[in-house]
Amino acid sequence: MTTYTPPAVWDFNAINMGGKFGGTNRPTAGARHEYILPKGDKPYQLYSLNTPNGVKVNIILEELKALGLLDFDAYKIDIVAGDQFGTDFVSINPNSKIPALIDRSGDEPVNIFESGAILLHLAQKYNKFLPTDTAKHAEVLSWLMWQMGSAPFVGGGFGHFYAYAPEPVEYAINRYTMETKRQLDVLNQHLASREYVASDEYTVADMAIYPWYGWLILGKLYIGEHYNAARFLNVDEYPHVQKWANNIANKETVKKAESLVLQPLTK
């Protein structure tokens, strides 16, 4: 067994990260190159990628578009190529993560980053998918924040070490698999007696949770030549999550959101 002793002071220049995202990761923030993002003529400008966090925002935009409340342009941010470190993108999101949205529907443009913040901004602005009843509103916010706080263990933890790390680390895979299955069990028990996650209606909580846990259950996340997360996690143990996920997946707006064509940036 390989042993590792952490140094007294960690030095980025002394390590070799490797893995799928090893070439883009750095311990510093900020822009790395000049780039002016394209802008269309629609009221909303989305800069994103069709990852789970990106598709959350795709869903609410497609839902509101289907209701005739807004329209948007969508551009692809290639996070492997480092598009998220361009000057214009960093001016919208200093954290250099997708998705990022510019709301130009008012007198002055408004920049919003973090998928949960974008969901809340749009839901509150158009008074859709977020109940006004105090108890139901609180329940939706609770589950939305559950997703925001829990999914990093699934993505940065389980998904990274199971699918993307340069070599398998048994302890890390076991640690994050256990936590991911615990979270799936939380959802499965909760959904045993309800159609939607919160407030007995389709809300931003479902939109946020589906692209992570729904995709995982439906075999759409962490699938490759040498790994299959749905099989590895034995997702048949979570029938109530499967039923809920299939219900969300069958919505026409969700299908559009998952297949949304993002315009490539001009290099």
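Reading guide: rules and limits
- Residues numbered from 1 in each chain as written.
- Predicted model: local features only at pLDDT ≥ 70, side-chain atom pairs only at ≥ 80, totals over all residues.
- Heavy atoms only, no water.
- Axes fitted to C-alpha atoms, helices over the stretch in contact; angles between N-to-C directions.
- Helix = DSSP H or I, 4+ residues; strand = E, 2+ residues; numbered from the N terminus.
- Parallel < 35°, antiparallel > 145°, perpendicular 65-115°, else oblique.
- Left-handed = near helix turned anticlockwise from the far one by under 90°.
- Contact = heavy atoms within 4.5 Å.
- Salt bridge = Lys/Arg side-chain N within 4 Å of Asp/Glu carboxyl O.
- Buried < 20%, exposed > 50% of the residue type's maximum accessible area, 1.4 Å probe, protein only.

### What to know about the packing of helix 4 (residues 134–164) against helix 6 (residues 204–217)
The packing of two helices is summarised by the inter-axis angle and the distance between the axes. The geometry of helix 4 relative to helix 6 is characterised by a closest axis approach of 8 Å and an angle of 25 degrees between their N-to-C directions. Comparing the axis directions of helix 4 and helix 6 gives the class roughly parallel. For the element pair helix 4 and helix 6, the recorded crossing hand is left-handed. Contacts between helix 4 and helix 6 involve V140, W143, L144, W146, Q147, S150, A151, V154 and G155 from the first element and V204, A205, A208, I209, W212, Y213 and L216 from the second.

### Some details on the pattern of salt bridges
Note on pairing: side chains with opposite charge can pair once their charged atoms come close. This model, assessed by the stated rule, comprises 10 salt bridges. Residue K42 pairs with D41 through a salt bridge whose shortest N-O separation is 3.7 Å. What makes K42 partly exposed here is its relative accessible area of 26%. When the shortest N-O distance is used, the salt bridge between K125 and D103 registers 2.8 Å. Separated by 22 residues along the polypeptide, K125 in helix 3 (residues 115–126) and D103 in strand 3 (residues 100–103) bring together distant segments of the chain.

### A look at unusual backbone geometry
The peptide bond linking I98 to P99 adopts the cis configuration, its omega dihedral lying at 0 degrees. Within the secondary structure, P99 is located in the loop between helix 2 (87–92) and strand 3. You will see that N127, though not glycine, has its phi angle at about 55 degrees, which is positive. The topology assignment puts N127 in the loop between helix 3 and helix 4. Taking relative accessible area as the criterion, N127 reaches 52% and is therefore assigned exposed. Its identity is not glycine, yet Y222 carries a phi of approximately 55 degrees, on the positive side. The topology assignment puts Y222 in the loop between helix 6 and helix 7 (229–232).

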